[in-house]
Amino acid sequence: MSRLTRYVTAELIPPLLAGTLLFTAILSFGYFFVSSQWLSGVPVGLIARWIAYQLPDTLVKVFPMAVVLMTVVAFGRMSTERELIAVQSGGVSLGRAARPVAVVAALVTALALWLSLWVAPKANVETRGLYWDALTGAGLSQLAGKTVDLGGNLTLAMKGYDPKTRQMQGVRVEKWTPDDHRRGTIILADSGTFEASRLTLKGYGVYTVNYGAVPALARVPDTDPLALRAALNEVFTSVVVPAQASDTLNVDTGLSRKETLAKYADAIGADAEGWPQLITKLTAPGVPEAERQEARVNLNRKLALPFANLVLALAALPFALRFGRTLGVSLGIALLIAVAYYLLFFVGLTLASQLPGLPELGVWLANLVFAVSGLWLLRRT
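Residues numbered from 1 in each chain as written. Predicted model: local features only at pLDDT ≥ 70, side-chain atom pairs only at ≥ 80, totals over all residues. Heavy atoms only, no water.

Q: Sorry, what's going on with the overall build of the chain here?
A: For the chain, the helix and strand inventory stands at 13 helices and seven strands. Projected onto the principal axes, the alpha-carbon positions of the chain cover approximately 110 × 50 × 35 Å. In the chain, which comprises 381 residues, the proportion classed as buried is 41%. Sequence-distant contacts, at least 24 apart, represent 66% of the contacts inside the chain between residues at least 6 apart. Working note: accessible area of the chain is about 19,900 Å², and carbon and sulfur atoms make up 64% of it. Distance between charge centroids for the chain: 12 Å, based on 34 positive and 26 negative side chains. (Helix = DSSP H or I, 4+ residues; strand = E, 2+ residues; numbered from the N terminus. Buried < 20%, exposed > 50% of the residue type's maximum accessible area, 1.4 Å probe, protein only. Contact = heavy atoms within 4.5 Å. Areas by Shrake-Rupley, 256 points an atom, 1.4 Å probe, with all protein chains shown as cover. Lys, Arg positive; Asp, Glu negative; His and termini not counted. Charge placed at Lys NZ, Arg CZ, Asp CG, Glu CD.)

In structure tokens, the structure reads:
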């Protein structure tokens, strides 16, 4: 590594770390402030753990802002103090001097990709599970009165939930035959628990029903009890009632308790899908087209935002050379660039939903615009 590379890299790291800490602290405080009314009396350790689970997703969002701040502060200072002029007078081009920016931004991009596709989805699930089960104590209360999809063609509904005992009341579990919407198995239970990926039901009855055979009941003569019994057997092909009231029934679910809370407890579900889940939706047979399209948008979104670190480093460089006079000005410029990028990024996501044939164009719009603008401005600098 040349002396120039070491020197420029040393200029880049402090503002990168400072920006990451600053923007992470701001967002983390925002999370705490929004939820503070429900966190009264909660141990500080639990709150710290809850905020820590949010760090991977937060870092993916703040890295682009930190990279912009890094570029503007470092090259703004070197430009103001004529260090870049001295370097160029020695025969070193601006591109060569700025090479460490690309290297650092590429490393941040790689870290953001790993966090976005593998770490953050799991951490987001843990965040919601911890929030509803440990911090607020509400547990599955948010799901009472709703019917939720637990995966594997299994749905769950409950009449009520007791957070103290973690017991569901008035439970209904349904599983319908994929190739015949009139056939299914319905489980009715007085109470039950949902822990990990298993439902444990008490006071249950399991009924396998063929509603397609119901019309035949109307044609059975009232004077023929044997025919009526046969027709009823065609409707209720199987009925299982436990011998003792204390018997329990275990049902394995596609989604775990934490995943169910992450997906359904809030009005906006947690971003819990990573690389394995998204690739499965895109490649597995039998996935509904709407889900496949949504996975296509989400995967590109999780790729585009990490690559914004490289794009914004390029776009911030000409602003650093022209306007990066003081730390205050540099911070203001960095915020303006970051806000402009995120606004355009969200506009692109909106456009992606309106471009079913090519949603990638909308998702990557901000990156394309800022990359082209950065190159154009650099040529004029």
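Q: Explanation requested: a nonpolar patch on the surface in the structure shown.
A: Together, Val 347, Leu 351, Leu 355, Leu 358, Leu 361 and Leu 368 make up a nonpolar patch on the protein surface, roughly 490 Å² of accessible area in all. Mapped onto the fold, Leu 368 is located in helix α13 (residues 365–380). (Patch = residues over 30% accessible without salt bridge, like charges linked within 9 Å, V, L, I, M, F, W, Y side chains within 5 Å. Salt bridge = Lys/Arg side-chain N within 4 Å of Asp/Glu carboxyl O.)

Q: Is there a simple way to think about the packing of helix α1 (residues 3–35) against helix α6 (residues 99–135) in this case?
A: Packed helices, taken two at a time, are described by the angle their axes make and the gap between the axes. Close contact between α1 and α6 brings their axes to 13 Å; oriented N to C, the two are set at 20 degrees. Taken as axis vectors, α1 and α6 run roughly parallel relative to one another. The way α1 lies across α6 gives a crossing that is right-handed. Of the residues in α6, those touching α1 at Thr 5, Val 8, Thr 9, Leu 12, Leu 16 and Ser 35 are Pro 100, Val 101, Val 104, Val 108 and Tyr 131. (Axes fitted to C-alpha atoms, helices over the stretch in contact; angles between N-to-C directions. Parallel < 35°, antiparallel > 145°, perpendicular 65-115°, else oblique. Left-handed = near helix turned anticlockwise from the far one by under 90°.)

Q: What should I look at first to understand the packing of aromatic side chains in this one?
A: Any pair of aromatic rings gets described here by the distance separating the centres and the angle formed by the planes. Summed over all chains, the structure comprises 10 aromatic pairs. Among the aromatic residues, those joined into a ring-pair cluster are Tyr 341, Tyr 342, Phe 345, Phe 346 and Phe 370. (Phe/Tyr/Trp six-rings, centres within 6.5 Å; stacked < 30°, edge-to-face > 60°.)

Function cannot be inferred from these measures alone, as they are strictly geometric.
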